[in-house]
Amino acid sequence: MSVNSYTFSHAITRAPAATIANGLRTVDTGTPELSLFSRHHADYRAALESTGATVVNLAALDAYPDSVFVEDAALCLPEVAIVMRPGAPSRFGEAVAIAPTLTTFYDMVCHIEGPGFIEGGDILVTEREIFVGRSARTDIAGANELGRIVSQWGYKIRMVEMPSGILHFKTDCALLDEETILSTLRLSEARCFDNYKVIHTADGEEACANCIRFNNLVIVPDGYPRTAEKISHAGFEIRMIGNSEAAKLDGGMSCLSLRFSPTK
Ligand code: CIR
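K.L.:
Can you break down the overall build of the protein residue by residue, with the values?
P.N.:
Counting its secondary structure elements, the protein contains 6 helices and 15 strands. Relative to the globule expectation of 18 Å for 264 residues, the C-alpha radius of gyration of the protein, 17 Å, shows essentially globular dimensions. The principal-axis extent of the C-alpha atoms belonging to the protein is close to 45 × 40 × 35 Å. Looking at the protein as a whole, 56% of its 264 residues are labelled buried. Restricting the contact set of the protein to residue pairs at least 6 apart, pairs at least 24 apart contribute 71%. By element, 51% of the accessible surface of the protein is carried by carbon and sulfur atoms, the whole surface being about 10,500 Å². Across the protein, 23 positive and 33 negative side-chain charges occur, with their mean positions spaced 1 Å apart.

Below, the structure written as C-alpha coordinates:
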(Lines give C-alpha, C1' and ligand atoms only; values in the text may rest on other atoms or scores of the structure.)
Protein backbone atom coordinates (compact mmCIF):
# COMPACT_ATOMS: atom_id res chain seq x y z
CA MET A 1 0.00 0.00 0.00
CA SER A 2 1.56 3.27 -1.09
CA VAL A 3 -0.99 6.01 -1.15
CA ASN A 4 -0.44 9.56 -2.25
CA SER A 5 -3.96 10.62 -1.66
CA TYR A 6 -3.62 14.14 -2.99
CA THR A 7 -0.38 14.39 -4.95
CA PHE A 8 -0.71 13.38 -8.57
CA SER A 9 1.36 13.66 -11.71
CA HIS A 10 -1.56 13.02 -14.08
CA ALA A 11 -5.28 13.44 -14.57
CA ILE A 12 -7.66 12.06 -17.17
CA THR A 13 -10.67 14.13 -18.19
CA ARG A 14 -13.21 13.68 -20.97
CA ALA A 15 -14.72 16.48 -23.04
CA PRO A 16 -18.45 16.98 -22.40
CA ALA A 17 -20.64 15.10 -24.87
CA ALA A 18 -22.83 16.93 -27.39
CA THR A 19 -25.65 14.93 -25.78
CA ILE A 20 -24.93 16.36 -22.31
CA ALA A 21 -28.52 17.64 -22.05
CA ASN A 22 -29.65 13.99 -21.73
CA GLY A 23 -27.48 13.33 -18.67
CA LEU A 24 -28.97 11.77 -15.55
CA ARG A 25 -30.27 14.06 -12.80
CA THR A 26 -32.21 13.55 -9.60
CA VAL A 27 -34.09 16.85 -9.81
CA ASP A 28 -34.68 18.88 -12.96
CA THR A 29 -33.16 22.31 -12.39
CA GLY A 30 -32.70 23.10 -16.08
CA THR A 31 -30.83 21.79 -19.10
CA PRO A 32 -27.03 22.05 -19.07
CA GLU A 33 -25.67 24.17 -21.88
CA LEU A 34 -22.78 22.59 -23.78
CA SER A 35 -20.82 25.76 -24.58
CA LEU A 36 -20.79 26.97 -20.98
CA PHE A 37 -20.03 23.46 -19.72
CA SER A 38 -17.07 23.32 -22.13
CA ARG A 39 -15.74 26.67 -20.84
CA HIS A 40 -15.96 25.48 -17.23
CA HIS A 41 -14.29 22.23 -18.28
CA ALA A 42 -11.39 24.13 -19.88
CA ASP A 43 -10.97 26.20 -16.68
CA TYR A 44 -10.96 22.99 -14.66
CA ARG A 45 -8.29 21.38 -16.83
CA ALA A 46 -6.20 24.55 -16.65
CA ALA A 47 -6.41 24.48 -12.83
CA LEU A 48 -5.17 20.87 -12.78
CA GLU A 49 -2.36 21.72 -15.21
CA SER A 50 -1.33 24.79 -13.20
CA THR A 51 -0.13 22.43 -10.45
CA GLY A 52 2.39 20.87 -12.84
CA ALA A 53 0.29 17.81 -13.71
CA THR A 54 -0.21 16.36 -17.19
CA VAL A 55 -3.89 16.34 -18.16
CA VAL A 56 -5.08 13.90 -20.82
CA ASN A 57 -8.41 15.13 -22.19
CA LEU A 58 -10.20 12.26 -23.94
CA ALA A 59 -12.55 12.80 -26.89
CA ALA A 60 -16.23 13.29 -26.12
CA LEU A 61 -18.39 10.18 -26.21
CA ASP A 62 -21.76 11.28 -27.51
CA ALA A 63 -23.29 7.84 -26.93
CA TYR A 64 -22.86 8.46 -23.18
CA PRO A 65 -24.33 11.77 -22.02
CA ASP A 66 -22.74 11.48 -18.55
CA SER A 67 -19.28 10.47 -19.77
CA VAL A 68 -17.74 13.83 -18.81
CA PHE A 69 -17.99 12.52 -15.22
CA VAL A 70 -15.05 10.25 -15.86
CA GLU A 71 -14.32 9.59 -12.19
CA ASP A 72 -17.18 7.11 -11.97
CA ALA A 73 -15.66 4.74 -14.53
CA ALA A 74 -12.49 3.76 -12.66
CA LEU A 75 -10.41 3.90 -9.50
CA CYS A 76 -6.73 4.73 -9.91
CA LEU A 77 -4.37 3.70 -7.10
CA PRO A 78 -0.58 3.90 -7.30
CA GLU A 79 -0.21 0.17 -8.03
CA VAL A 80 -3.33 -0.65 -10.02
CA ALA A 81 -6.24 0.86 -11.93
CA ILE A 82 -9.63 -0.79 -11.46
CA VAL A 83 -12.38 -0.44 -14.05
CA MET A 84 -15.72 0.02 -12.29
CA ARG A 85 -19.11 -1.55 -12.95
CA PRO A 86 -21.53 1.41 -12.82
CA GLY A 87 -24.88 0.98 -11.13
CA ALA A 88 -26.52 3.28 -13.67
CA PRO A 89 -27.28 1.14 -16.76
CA SER A 90 -26.88 4.11 -19.12
CA ARG A 91 -23.29 4.54 -17.88
CA PHE A 92 -22.13 0.95 -18.25
CA GLY A 93 -20.32 1.55 -21.55
CA GLU A 94 -18.25 4.37 -20.05
CA ALA A 95 -16.28 1.88 -17.98
CA VAL A 96 -15.58 -0.24 -21.06
CA ALA A 97 -14.44 2.88 -22.92
CA ILE A 98 -11.93 4.02 -20.27
CA ALA A 99 -10.04 0.71 -20.05
CA PRO A 100 -7.72 1.17 -23.08
CA THR A 101 -6.57 4.56 -21.78
CA LEU A 102 -5.77 3.07 -18.38
CA THR A 103 -3.63 0.35 -19.95
CA THR A 104 -1.42 3.03 -21.50
CA PHE A 105 -0.57 4.29 -17.99
CA TYR A 106 -0.73 1.14 -15.85
CA ASP A 107 0.97 -2.25 -15.96
CA MET A 108 -1.89 -3.64 -13.88
CA VAL A 109 -5.53 -2.97 -14.78
CA CYS A 110 -8.27 -4.99 -13.05
CA HIS A 111 -12.01 -5.07 -13.70
CA ILE A 112 -15.01 -5.31 -11.41
CA GLU A 113 -16.66 -8.35 -13.02
CA GLY A 114 -19.94 -8.36 -11.09
CA PRO A 115 -22.59 -9.28 -10.22
CA GLY A 116 -22.17 -6.25 -7.92
CA PHE A 117 -22.02 -2.61 -8.90
CA ILE A 118 -19.68 0.19 -7.90
CA GLU A 119 -19.00 3.70 -9.18
CA GLY A 120 -15.85 5.76 -8.56
CA GLY A 121 -17.83 8.63 -7.04
CA ASP A 122 -18.58 6.38 -4.07
CA ILE A 123 -14.89 5.83 -3.27
CA LEU A 124 -12.68 8.11 -1.19
CA VAL A 125 -9.03 7.12 -0.78
CA THR A 126 -7.18 8.42 2.27
CA GLU A 127 -3.71 7.60 3.52
CA ARG A 128 -5.18 5.02 5.91
CA GLU A 129 -8.12 3.38 4.17
CA ILE A 130 -10.50 3.34 1.25
CA PHE A 131 -14.02 4.49 2.07
CA VAL A 132 -16.81 3.02 -0.03
CA GLY A 133 -20.27 4.51 0.34
CA ARG A 134 -23.19 2.18 -0.23
CA SER A 135 -25.50 4.18 -2.46
CA ALA A 136 -28.11 3.64 -5.15
CA ARG A 137 -25.14 3.06 -7.52
CA THR A 138 -22.82 0.97 -5.33
CA ASP A 139 -23.86 -2.21 -3.56
CA ILE A 140 -22.20 -4.50 -1.04
CA ALA A 141 -21.19 -7.06 -3.68
CA GLY A 142 -19.46 -4.37 -5.74
CA ALA A 143 -17.65 -2.98 -2.71
CA ASN A 144 -16.58 -6.46 -1.61
CA GLU A 145 -15.22 -7.26 -5.04
CA LEU A 146 -13.19 -4.05 -4.95
CA GLY A 147 -12.03 -4.98 -1.45
CA ARG A 148 -10.78 -8.38 -2.66
CA ILE A 149 -8.86 -6.80 -5.53
CA VAL A 150 -7.15 -4.04 -3.54
CA SER A 151 -6.31 -6.29 -0.56
CA GLN A 152 -3.52 -7.73 -2.76
CA TRP A 153 -1.71 -4.43 -2.21
CA GLY A 154 -2.61 -4.14 1.46
CA TYR A 155 -5.54 -1.72 1.15
CA LYS A 156 -8.52 -1.96 3.47
CA ILE A 157 -12.06 -1.04 2.50
CA ARG A 158 -14.32 0.74 4.96
CA MET A 159 -17.98 0.62 3.98
CA VAL A 160 -20.27 3.47 4.91
CA GLU A 161 -24.04 3.25 4.84
CA MET A 162 -25.01 6.48 3.09
CA PRO A 163 -27.78 8.71 4.32
CA SER A 164 -30.55 8.52 1.72
CA GLY A 165 -30.82 11.19 -0.94
CA ILE A 166 -27.07 11.54 -1.59
CA LEU A 167 -26.00 10.46 -5.07
CA HIS A 168 -22.41 9.47 -4.34
CA PHE A 169 -20.19 9.36 -1.24
CA LYS A 170 -18.01 12.13 -2.65
CA THR A 171 -21.06 14.25 -3.41
CA ASP A 172 -20.80 15.07 0.29
CA CYS A 173 -17.12 14.88 1.23
CA ALA A 174 -13.55 15.42 0.05
CA LEU A 175 -10.07 14.70 1.33
CA LEU A 176 -8.10 17.88 2.08
CA ASP A 177 -4.93 16.28 3.52
CA GLU A 178 -3.75 13.21 5.43
CA GLU A 179 -6.05 13.89 8.33
CA THR A 180 -8.56 16.47 7.17
CA ILE A 181 -11.89 15.83 5.46
CA LEU A 182 -14.37 18.39 4.20
CA SER A 183 -17.84 16.99 4.81
CA THR A 184 -21.46 17.95 4.98
CA LEU A 185 -23.03 17.64 8.39
CA ARG A 186 -25.51 15.02 7.14
CA LEU A 187 -22.67 12.71 6.05
CA SER A 188 -20.43 13.22 9.08
CA GLU A 189 -23.42 12.38 11.27
CA ALA A 190 -22.94 8.81 9.99
CA ARG A 191 -19.81 8.98 12.25
CA CYS A 192 -17.58 7.73 9.46
CA PHE A 193 -14.97 10.49 9.96
CA ASP A 194 -14.61 10.26 13.72
CA ASN A 195 -10.87 9.60 13.42
CA TYR A 196 -10.25 12.56 11.12
CA LYS A 197 -10.23 16.30 11.50
CA VAL A 198 -13.49 17.45 9.85
CA ILE A 199 -14.26 20.82 8.31
CA HIS A 200 -17.98 21.15 7.68
CA THR A 201 -19.50 22.86 4.68
CA ALA A 202 -21.36 26.03 5.64
CA ASP A 203 -25.08 25.76 6.12
CA GLY A 204 -26.79 25.86 2.71
CA GLU A 205 -23.47 25.27 0.90
CA GLU A 206 -23.49 21.46 0.98
CA ALA A 207 -22.73 21.29 -2.75
CA CYS A 208 -19.25 22.68 -2.03
CA ALA A 209 -18.33 19.30 -0.48
CA ASN A 210 -17.71 17.96 -3.96
CA CYS A 211 -14.28 19.54 -4.31
CA ILE A 212 -10.79 18.04 -4.74
CA ARG A 213 -7.39 18.41 -3.21
CA PHE A 214 -5.06 18.21 -6.20
CA ASN A 215 -1.39 18.87 -5.42
CA ASN A 216 -1.12 22.38 -3.94
CA LEU A 217 -4.72 23.35 -4.75
CA VAL A 218 -8.15 22.72 -3.34
CA ILE A 219 -10.38 23.11 -6.38
CA VAL A 220 -13.90 24.12 -5.34
CA PRO A 221 -17.07 24.89 -7.26
CA ASP A 222 -17.79 28.61 -7.57
CA GLY A 223 -20.60 30.10 -5.52
CA TYR A 224 -19.94 28.85 -1.98
CA PRO A 225 -17.96 31.70 -0.39
CA ARG A 226 -18.44 30.78 3.26
CA THR A 227 -17.17 27.24 2.79
CA ALA A 228 -14.32 28.46 0.58
CA GLU A 229 -13.36 30.87 3.36
CA LYS A 230 -13.37 28.06 5.93
CA ILE A 231 -11.06 25.93 3.76
CA SER A 232 -8.80 28.87 3.07
CA HIS A 233 -8.73 29.81 6.75
CA ALA A 234 -7.49 26.28 7.51
CA GLY A 235 -4.44 27.03 5.36
CA PHE A 236 -5.35 25.55 1.97
CA GLU A 237 -4.92 27.31 -1.37
CA ILE A 238 -8.30 27.60 -3.11
CA ARG A 239 -9.13 27.73 -6.82
CA MET A 240 -12.79 28.32 -7.76
CA ILE A 241 -14.23 26.88 -10.97
CA GLY A 242 -17.67 27.48 -12.47
CA ASN A 243 -19.86 24.42 -12.00
CA SER A 244 -23.39 25.63 -12.86
CA GLU A 245 -23.86 23.23 -15.79
CA ALA A 246 -22.37 20.11 -14.15
CA ALA A 247 -24.46 20.85 -11.04
CA LYS A 248 -27.64 20.47 -13.12
CA LEU A 249 -26.56 16.82 -13.53
CA ASP A 250 -25.48 16.37 -9.89
CA GLY A 251 -21.81 16.65 -10.87
CA GLY A 252 -18.97 18.49 -9.14
CA MET A 253 -15.20 18.86 -9.04
CA SER A 254 -14.34 15.26 -8.18
CA CYS A 255 -16.51 13.72 -10.90
CA LEU A 256 -14.67 15.50 -13.70
CA SER A 257 -11.31 13.73 -13.46
CA LEU A 258 -9.38 10.59 -12.65
CA ARG A 259 -6.31 11.64 -10.67
CA PHE A 260 -3.24 9.43 -10.44
CA SER A 261 0.49 8.89 -10.82
CA PRO A 262 1.09 6.19 -13.43
CA THR A 263 3.24 3.12 -12.90
CA LYS A 264 4.74 3.09 -16.39
C1 CIR B 1 -24.97 10.64 -12.76
O2 CIR B 1 -26.09 10.73 -12.25
O3 CIR B 1 -24.37 9.58 -12.83
C4 CIR B 1 -24.34 11.90 -13.34
N5 CIR B 1 -25.36 12.74 -13.84
C6 CIR B 1 -23.54 12.60 -12.30
C7 CIR B 1 -22.34 11.84 -11.84
C8 CIR B 1 -21.56 12.57 -10.81
N9 CIR B 1 -20.39 11.86 -10.47
C10 CIR B 1 -19.86 11.82 -9.24
O11 CIR B 1 -20.45 12.31 -8.28
N12 CIR B 1 -18.73 11.16 -9.09
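K.L.:
So what's going on with the side chain of H40? Which residues, and what values?
P.N.:
Position of H40 relative to the elements: it lies in helix α1 (residues 34–49). Residues within four places of H40 in sequence aside, it is in contact with I241, G242, N243, S244 and E245.

K.L.:
Explain the site of the ligand to me, and be specific about the residues and the numbers.
P.N.:
Around the ligand, 13 residues are found, and the nearest of them are D66, R91, H168, L249 and C255. The contact in question runs from a nitrogen atom of the ligand to an N or O atom on the side chain of E71, over 2.9 Å. One of the backbone nitrogen or oxygen atoms of L249 is found 2.8 Å away from a nitrogen atom of the ligand. Class assignment of the residues belonging to the shell around the ligand gives a composition of 5 nonpolar, 2 polar and 6 charged.

K.L.:
Tell me about the packing of aromatic side chains, residues and numbers included.
P.N.:
Scanning the entire structure with this criterion turns up 9 aromatic pairs. Aromatic pair F131 and Y196: ring centres 5.9 Å apart, planes at 55°, arrangement tilted. With F131 in strand β7 (residues 130–134) and Y196 in the loop between α4 (185–188) and β11 (197–200), this pair connects stretches of sequence that are 65 residues apart. With respect to class, F131 is no different from Y196; both count as buried. Through a chain of ring-to-ring contacts, three or more aromatic side chains come together here, namely F131, F169, F193 and Y196.

K.L.:
Tell me what's going on with the pattern of salt bridges, and back it up with residues and numbers.
P.N.:
Working definition: two side chains of opposite charge can pair if their charged atoms are close together. Under the defined criterion, the tally for this structure stands at 13 salt bridges. As a salt-bridge pair, E71 and R259 come within 2.9 Å of each other at their nearest N and O atoms. In this pair, E71 sits in the loop between β2 (54–58) and β3 (74–76) while R259 sits in strand β15 (residues 258–260), placing the two residues 188 residues apart along the sequence. We note that E71, like R259, is buried. Here R137 makes a salt bridge to E119, at a shortest N to O gap of 3.0 Å. Residue R137 is located in the loop between β7 and α3 (140–151), and its partner E119 is located in the loop between β5 (109–111) and β6 (123–125); the two are separated by 18 residues in the primary sequence. The same class applies to R137 and to E119, which are both buried. One salt-bridge network, held together by shared partners, links E71, K170 and R259.

K.L.:
Can you tell me about the sheet that holds strand β8 (residues 157–161), naming the residues and giving the values?
P.N.:
Pairing within the open sheet is mixed, and its 3 strands lie in the order β6-β7-β8. Among the strands making up the open sheet, the edge pair consists of β6 and β8. Going from strand to strand, the sheet's axes swing by 20° on average, the running direction of each strand aside. Both β7 and β8 contribute to a ladder of 5 bridges, which runs parallel. Following the sheet pairing, V132 is matched in β8 by M159. Contacting β6, β7 and β8, α3 runs over the sheet at an angle of about 165° to β8.

K.L.:
With reference to specific residues and values, describe the nonpolar core.
P.N.:
Nonpolar side chains tend toward joint burial in soluble globular proteins. Core analysis: the biggest nonpolar cluster contains 21 residues, and F37, Y44, L48, F69, I212, F214 and I219 have the highest contact counts within it. Of all the elements in the fold, those that place two or more residues in this core are α1, β12 (212–214) and β13 (217–221). No other element matches α1, which puts 4 residues into this core. Setting aside chain neighbours within four positions, we find L48 in contact with A11, T13, A53, V55, I212, F214, I219 and S257. L75, I82, I112 and I118 belong to the second largest nonpolar core, which has 18 residues in total.

Conventions used here
Residues numbered from 1 in each chain as written. Predicted model: local features only at pLDDT ≥ 70, side-chain atom pairs only at ≥ 80, totals over all residues. Heavy atoms only, no water. Helix = DSSP H or I, 4+ residues; strand = E, 2+ residues; numbered from the N terminus. Rg over C-alpha atoms; globule rule 2.2 N^0.38 Å. Buried < 20%, exposed > 50% of the residue type's maximum accessible area, 1.4 Å probe, protein only. Contact = heavy atoms within 4.5 Å. Areas by Shrake-Rupley, 256 points an atom, 1.4 Å probe, with all protein chains shown as cover. Lys, Arg positive; Asp, Glu negative; His and termini not counted. Charge placed at Lys NZ, Arg CZ, Asp CG, Glu CD. Near = heavy atom within 4 Å. Polar contact = N/O pair within 3.5 Å; in protein donor to acceptor, adjacent residues only side chain to side chain. Nonpolar A, V, L, I, M, F, W, Y, C, P; charged D, E, K, R; others polar. Phe/Tyr/Trp six-rings, centres within 6.5 Å; stacked < 30°, edge-to-face > 60°. Salt bridge = Lys/Arg side-chain N within 4 Å of Asp/Glu carboxyl O. Pairing = 2+ DSSP bridges. Axes fitted to C-alpha atoms, helices over the stretch in contact; angles between N-to-C directions. Core = buried A, V, L, I, M, F, W, Y, C linked by side-chain atoms within 4.5 Å.

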